[in-house]
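Letter by letter, the chains look like this.
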Amino acid sequence: KTLREYHFVVTSVENTFQYSPKEHRKGYFMKIAMADKNGNELPHCGNLSHIEPGTSLQNKGRAINAPPLFFNEGEKAKIVVHNKSQSPMTIHWHGIFLETKMDGIPGFQVPIGINKTFKYEFDLTQNGTYWYHPHDLNEQDTRGAIIIFAAPKGQIVKNPDGTTQMSPGEWI
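Residues numbered from 1 in each chain as written. Predicted model: local features only at pLDDT ≥ 70, side-chain atom pairs only at ≥ 80, totals over all residues. Heavy atoms only, no water.

J.: Outline the environment of Ile 96, listing residues and values.
T.: Considering the arrangement of structural elements, one finds Ile 96 in the loop between strand S6 (90-94) and strand S7 (116-123). Separated by 29 residues in sequence, Ile 96 and Thr 125 have C-alpha atoms that sit 8.6 Å apart. Other than its neighbours up to four places away in sequence, Ile 96 contacts Phe 122, Leu 124, Gln 126, Tyr 130, Ile 146 and Ile 148. (Helix = DSSP H or I, 4+ residues; strand = E, 2+ residues; numbered from the N terminus. Contact = heavy atoms within 4.5 Å.)

J.: Residues and numbers for the pairing of strand S8 (residues 128-135), please.
T.: When S6 meets S8, the two strands line up antiparallel, connected through five bridges. Bridge assignment links Thr 90 to a residue of S8, and that residue is His 135. Where S8 and strand S9 (residues 144-149) come together, five bridges link them in antiparallel fashion. The residue bridging Tyr 132 from the neighbouring strand is Gly 144, located in S9. (Pairing = 2+ DSSP bridges.)

J.: Help me get a handle on the nonpolar core, residues and values and all.
T.: Ranked by size, the top nonpolar core spans 25 residues in total, and within it Leu 69, Ile 79 and Trp 93 carry the most contacts. Counting residues per element, the ones that place at least two in this core are strand S1 (3-18), strand S2 (24-34), strand S4 (69-72), strand S5 (76-84), S6, S7, S8 and S9. Beyond its immediate sequence surroundings of up to four residues, Trp 93 is in contact with Phe 8, Leu 69, Ile 79, Leu 98, Met 102, Asp 103, Tyr 120, Phe 122, Trp 131, Tyr 132 and Ile 146. (Core = buried A, V, L, I, M, F, W, Y, C linked by side-chain atoms within 4.5 Å. Buried < 20%, exposed > 50% of the residue type's maximum accessible area, 1.4 Å probe, protein only.)

J.: Can you tell me about the pattern of salt bridges, naming the residues and giving the values?
T.: If you walk through the whole model with that rule in mind, you get four salt bridges. For Asp 123, the salt bridge goes to Lys 76, with nearest N and O atoms at 3.8 Å. You can see Asp 123 sitting in strand S7 and its partner Lys 76 sitting in strand S5, a full 47 residues away along the chain. Judged by relative accessible area, which is 25%, Asp 123 ranks as partly exposed. Close ionic contact of Glu 99 with Lys 101 constitutes a salt bridge, the shortest N to O distance being 4.0 Å. (Salt bridge = Lys/Arg side-chain N within 4 Å of Asp/Glu carboxyl O.)

J.: Describe the environment of Tyr 130, listing the residues and the values that go with them.
T.: Within the secondary structure, Tyr 130 is located in strand S8. On the accessibility criterion, Tyr 130 (18% relative accessible area) is buried. It is 6.1 Å that separates the C-alpha atoms of Tyr 130 and Gly 95, two residues lying 35 residues apart in sequence. Among residues more than four places away in sequence, those in contact with Tyr 130 are His 94, Gly 95, Ile 96, Gly 144, Ala 145, Ile 146 and Ile 148. A distance of 3.1 Å separates the side chain of Tyr 130 from the side chain of Gln 126, its partner in a polar contact. One polar contact links the side chain of Tyr 130 to the main-chain carbonyl oxygen of Asn 127, over a distance of 2.8 Å. (Polar contact = N/O pair within 3.5 Å; in protein donor to acceptor, adjacent residues only side chain to side chain.)

Honestly, that's just the spatial picture; any functional story needs more than this.
Below is the structure:
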């Protein structure tokens, strides 16, 4: 399998959150950015989460503001998360078929401690557009897209449970 690796650094940025036109609250925003292997942020490297302190964030819109991840169906994903935020956290992968211990759900995965690193590794046995977000004590509104391109026609991808996944075009 082809391995595609990404490195993230998660930090806390103090901001004012706009909950409604009249209500603003101060708090911490979990910023997710692309990083090098040592956890140092790579400036302007697809970091859609470049938020400056004091920026007003619209909470209800739930914008995609973390770096997009691109994969091909059948690849192995490796996402290394360097937690430099102010709280333990996990990354939850919405809609991706994977083992519970890699899913980032509180209570099923031990949180990534402050100044600690965790490697998420899983096989991508599906295609489509999905999303991810961090879980921490504050449940912040950082979100990122996961785009998995379909395997070439005729290629069959085996799921970890032994079942087979085929594109509808293969049935015709």
